[in-house]
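Observations on the three-dimensional arrangement
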Amino acid sequence: QVDLVESGGGSVQAGGSMSLSCAASGSGYTYSSGCMGWFRQAPGKEREAVALIYTGGVTTYYADSVKGRFTISQHNAKNTVYLQMNSLKPEDTAMYYCAASWGSWFPPTPNAMDYWGKGALVTISS
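All of these numbers come straight from a predicted model, not from anything done at the bench.

Considerations on the overall build of the protein
Tallying secondary structure elements over the protein gives zero helices and 11 strands in all. When its helices and strands are written in sequence order, the protein yields β-β-β-β-β-β-β-β-β-β-β. Relative to the compact-globule value of 14 Å for 126 residues, the protein shows a C-alpha radius of gyration of 13 Å, a close match. Taking the principal axes of the C-alpha coordinates as reference, the protein spans close to 40 × 25 × 25 Å. Looking at the protein as a whole, 44% of its 126 residues qualify as buried. At a minimum sequence separation of 6, the contacts of the protein that also span at least 24 residues come to 57%. Carbon and sulfur atoms provide 50% of the accessible area of the protein, an area that totals close to 6200 Å². Across the protein, the centroid of the 8 positively charged side chains sits 5 Å from that of the 8 negatively charged ones.

What follows is the structure in structure tokens.
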């Protein structure tokens, strides 16, 4: 069993910044086995990939809507990924879920992920 524990989230005004982190533990999983990162789901919308990092930490995926504003990074020893979110917009408001997969799916889709965190709520006010 692999557990993904998220931290961060909360409320901030538009234009502000926020960071999320996700630590993986259990069953020998390391993100270097595949990919790990963040999806989000806003009310009434489908879950979408936001940012993921792949084996070796060289390849990353960003949704077009967050490119240039969000940055994903990793800490190998801690088996943790981070998401720095800048220039936040009201449309970034959503539940953000950490996800991990043994495979390197590109582009990533929710169905391809093997493990999920419980989610962290991000609310951006205008």
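Comments concerning the environment of His-75
Following the sequence through the fold, His-75 ends up in strand 7 (residues 70–75). Judged by its relative accessible area of 31%, His-75 is partly exposed. A C-alpha to C-alpha distance of 9.4 Å links His-75 and Ala-23, two positions 52 residues apart in sequence.

Quick look at the packing of aromatic side chains
Following the criterion strictly, the structure yields four aromatic pairs and no others. On the basis of an interplanar angle of 80° and a centroid distance of 5.6 Å, the ring pair of Tyr-61 and Phe-106 is categorised as edge-to-face. Highlighted residues: Tyr-61 in strand 6 (residues 60–62) and Phe-106 in the loop between strand 9 (94–101) and strand 10 (115–116), separated in sequence by 45 residues. Where Tyr-97 meets Trp-116, the ring centres are 6.4 Å apart and the plane angle is 85°; that geometry is what we call edge-to-face. Linking Tyr-97 in strand 9 with Trp-116 in strand 10, this pair joins segments that are 19 residues apart in sequence. By the ring-pair criterion, three or more aromatic residues cluster together here, those being Phe-39, Tyr-97 and Trp-116.

Side note on the pattern of salt bridges
Under the criterion given, the structure shown has four salt bridges. Notably, a salt bridge pairs Asp-64 with Lys-67, separated by 3.1 Å at the nearest N-O pair. In this pair, the class of Asp-64 matches that of Lys-67, namely exposed. Where salt bridges share partners, they join Arg-40, Glu-48, Arg-69 and Asp-92 into one cluster.

Remarks on the sheet that holds strand 8 (residues 80–85)
Pairing in this open sheet of four strands is antiparallel, and the strands run 1-3-8-7 from one edge to the other. Lying at the two open borders of the sheet, with one neighbouring strand each, are strand 1 (3–8) and strand 7. The sheet shows a mean angle of 20° between the axes of neighbouring strands, direction not considered. With six bridges joining them, strand 7 and strand 8 adopt antiparallel strand pairing. Across the sheet, residue Ser-73 finds its bridge partner in strand 8, namely Tyr-82.

What counts as what
- Residues numbered from 1 in each chain as written.
- Predicted model: local features only at pLDDT ≥ 70, side-chain atom pairs only at ≥ 80, totals over all residues.
- Heavy atoms only, no water.
- Helix = DSSP H or I, 4+ residues; strand = E, 2+ residues; numbered from the N terminus.
- Rg over C-alpha atoms; globule rule 2.2 N^0.38 Å.
- Buried < 20%, exposed > 50% of the residue type's maximum accessible area, 1.4 Å probe, protein only.
- Contact = heavy atoms within 4.5 Å.
- Areas by Shrake-Rupley, 256 points an atom, 1.4 Å probe, with all protein chains shown as cover.
- Lys, Arg positive; Asp, Glu negative; His and termini not counted.
- Charge placed at Lys NZ, Arg CZ, Asp CG, Glu CD.
- Phe/Tyr/Trp six-rings, centres within 6.5 Å; stacked < 30°, edge-to-face > 60°.
- Salt bridge = Lys/Arg side-chain N within 4 Å of Asp/Glu carboxyl O.
- Pairing = 2+ DSSP bridges.
- Axes fitted to C-alpha atoms, helices over the stretch in contact; angles between N-to-C directions.

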